[in-house]
Amino acid sequence: MTSSQRAKEAIEQLKEKNPYYSKYADKIAKAQQTSAEEFLDRIERVVNPIKEGKIQARSYSELLNPKQKLPKESAEIPHKKLTDIMKMELIADKTAEEISQIWIEYHKTKDVLAATLTTSQYQTLTERAKEHPIFLLPLPRSEGFEFIMLQFAANSVHFTPLLAYQVHQENAPECLTLVHYTEMQDKGIILMRGEYDTKVLTAQEAQCLANELQMFYYKTDESKLKLLETFTKRPDEFKHMDLIKEVENIQLG
């Protein structure tokens, strides 16, 4: 059997074994244009994430490769500004509590997430992001869990379905972007806004990912911090089932 024929067979296997295939079919088709051997290697890691009792480490180690370059890249990515989406005079003379109310009310009629953080929460988030700029979050679905990769850059957090990343790498589409606006930091409040792809996520699923980010990046929980450490520093020991156990009690609203 030729590599091309094996690639076609792998696609059929992927359709059968991964319930999220249809969402990323176009991207997967483009990925087929790479060499058949490389494509087959990617598909093998998606279809069979566990081999000989261990997760195929390359699929996770690959996510960690960019972390050495991230600080330099982040410096080149401009911070998103609050003035791009809101008139500053609406909140300039308000208290933190008033700003929070205005921010939430302002986004009620929009298909976005909106929340506020304290400056201490944001400080914890940024400190952990420097140590763990890339991570995975398991998103509860009716068919099970889908893994979503997150990556920090400037004042944003970018979320990408792991399946899409594995088969299309850096060109994979984002499904959610969270931006933390720091313009009101002197009043003790950080404004968060999240835009999501409605073709990939529902509002509840987008909120679930935001909640999981909060659980791992600005709350103190030893078991979750241990998972972050393992993923970043010892990816070969990282077990996705441990990650699922940490969040399996989360229910979508």
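- Per an unreviewed UniProt entry, the protein carries the name ATP synthase mitochondrial F1 complex assembly factor 1 and comes from Drosophila navojoa.
- Here the protein is described in UniProt, under the heading Subcellular location (unreviewed entry), as follows: "Mitochondrion".

**Remarks on the sheet that holds strand β4 (residues 134–141)**
Argument step 1. Read from one edge to the other, the open sheet built from six strands follows the order β3-β8-β7-β6-β5-β4, with strand pairing classed as antiparallel. The open sheet has two edge strands with one neighbour each: β3 (112–118) and β4. The sheet shows a mean angle of 25 degrees between the axes of neighbouring strands, taken without regard to direction.
Argument step 2. In terms of strand pairing, β4 meets strand β5 (residues 144–153) through eight bridges, oriented antiparallel. Opposite R141, over in β5, you have G144 as the bridge partner.
Argument step 3. Running at roughly 135 degrees to β4, helix α9 (residues 203–217) makes contact with β3, β4, β5, β6 (156–161), β7 (176–181) and β8 (189–196) of the sheet.

**Let's talk about the packing of aromatic side chains**
Argument step 1. Tallied over the full model, the rule gives seven aromatic pairs.
Argument step 2. Ring pairs connect the aromatic residues F135, F152, F216, Y217, F231 and F238, which therefore count as one cluster.
Argument step 3. Between K110 and the ring centre of Y106, over which it is positioned, the NZ or CZ distance is 4.2 Å.

**Description of helix α6 (residues 96–107)**
Argument step 1. End to end, α6 covers 17 Å across 12 residues, agreeing with the expected 16 Å (1.5 Å per residue, within 8%).
Argument step 2. Taken together, the buried positions of α6 are occupied by I99, S100, W103 and H107. Here the buried residues of α6 occupy an arc of 100 degrees about the axis, which is enough to place them on one side. For α6, exposure combined with an orientation more than 90 degrees from the buried face picks out E97 and Q101.
Argument step 3. Where α6 is buried, its residues touch β3, β7 and β8.

**Some remarks on the pairing of β8**
Argument step 1. Most of β8 is tucked away, with seven of its eight residues classed as buried.
Argument step 2. With seven bridges connecting them, β3 and β8 associate as antiparallel partners. In the strand pairing of β8, L113 is matched with G194.

**Topic: the pattern of salt bridges**
Argument step 1. Taken as a whole and judged by the stated rule, the model has eight salt bridges.
Argument step 2. With a shortest N-O distance of 2.8 Å, R141 and E146 are connected by a salt bridge.
Argument step 3. We classify R141 as buried; its relative accessible area is 11%.
Argument step 4. Put simply, E237 and R234 hold a salt bridge, and the shortest N to O gap is 3.1 Å.
Argument step 5. Relative accessible area serves as the criterion here: at 34%, R234 is assigned to the partly exposed category.
Argument step 6. In the salt-bridge network here, residues are joined through shared partners; they are R141, E146 and E205.

**A closer look at helix α7 (residues 119–131)**
Argument step 1. With 13 residues, α7 extends 19 Å from end C-alpha to end C-alpha; this agrees with the ideal 18 Å at 1.5 Å per step.
Argument step 2. Where α7 is concerned, the buried positions are Y122, L125, R128 and A129. Buried residues of α7, seen end-on, are gathered within an arc of 130 degrees and therefore sit on one face of the element.
Argument step 3. The elements touched by buried residues of α7 are β3, β5, β7, β8, α9 and α10 (222–233).

**Section: the side chain of E146**
Argument step 1. Looking at the secondary structure, you find E146 in strand β5.
Argument step 2. Within the structure, E146 has its side chain in polar contact with the side chain of R141 (distance 2.8 Å).

**Points about the nonpolar core**
Argument step 1. Within the largest apolar cluster, 45 residues are counted, with the highest numbers of intra-cluster contacts made by F135, F159, L176 and F216.
Argument step 2. At eight residues, the largest contribution of residues to this core is made by α9.
Argument step 3. Apart from residues lying up to four places away in sequence, F216 is in contact with R128, F135, L137, K224, L225, L227, L228, L243, E246 and V247.
Argument step 4. L82, W103, M184 and I189 belong to the second largest nonpolar core, which has 10 residues in total.

Reading the values: rules and limits
- Residues numbered from 1 in each chain as written.
- Predicted model: local features only at pLDDT ≥ 70, side-chain atom pairs only at ≥ 80, totals over all residues.
- Heavy atoms only, no water.
- UniProt positions renumbered as here; feature names shortened; annotations may be inferred.
- Pairing = 2+ DSSP bridges.
- Helix = DSSP H or I, 4+ residues; strand = E, 2+ residues; numbered from the N terminus.
- Axes fitted to C-alpha atoms, helices over the stretch in contact; angles between N-to-C directions.
- Contact = heavy atoms within 4.5 Å.
- Phe/Tyr/Trp six-rings, centres within 6.5 Å; stacked < 30°, edge-to-face > 60°.
- Lys NZ or Arg CZ within 6 Å of the ring centre and 35° of its normal.
- Expected span 1.5 Å × (residues − 1).
- Buried < 20%, exposed > 50% of the residue type's maximum accessible area, 1.4 Å probe, protein only.
- Arc of directions from axis to C-beta.
- Salt bridge = Lys/Arg side-chain N within 4 Å of Asp/Glu carboxyl O.
- Polar contact = N/O pair within 3.5 Å; in protein donor to acceptor, adjacent residues only side chain to side chain.
- Core = buried A, V, L, I, M, F, W, Y, C linked by side-chain atoms within 4.5 Å.

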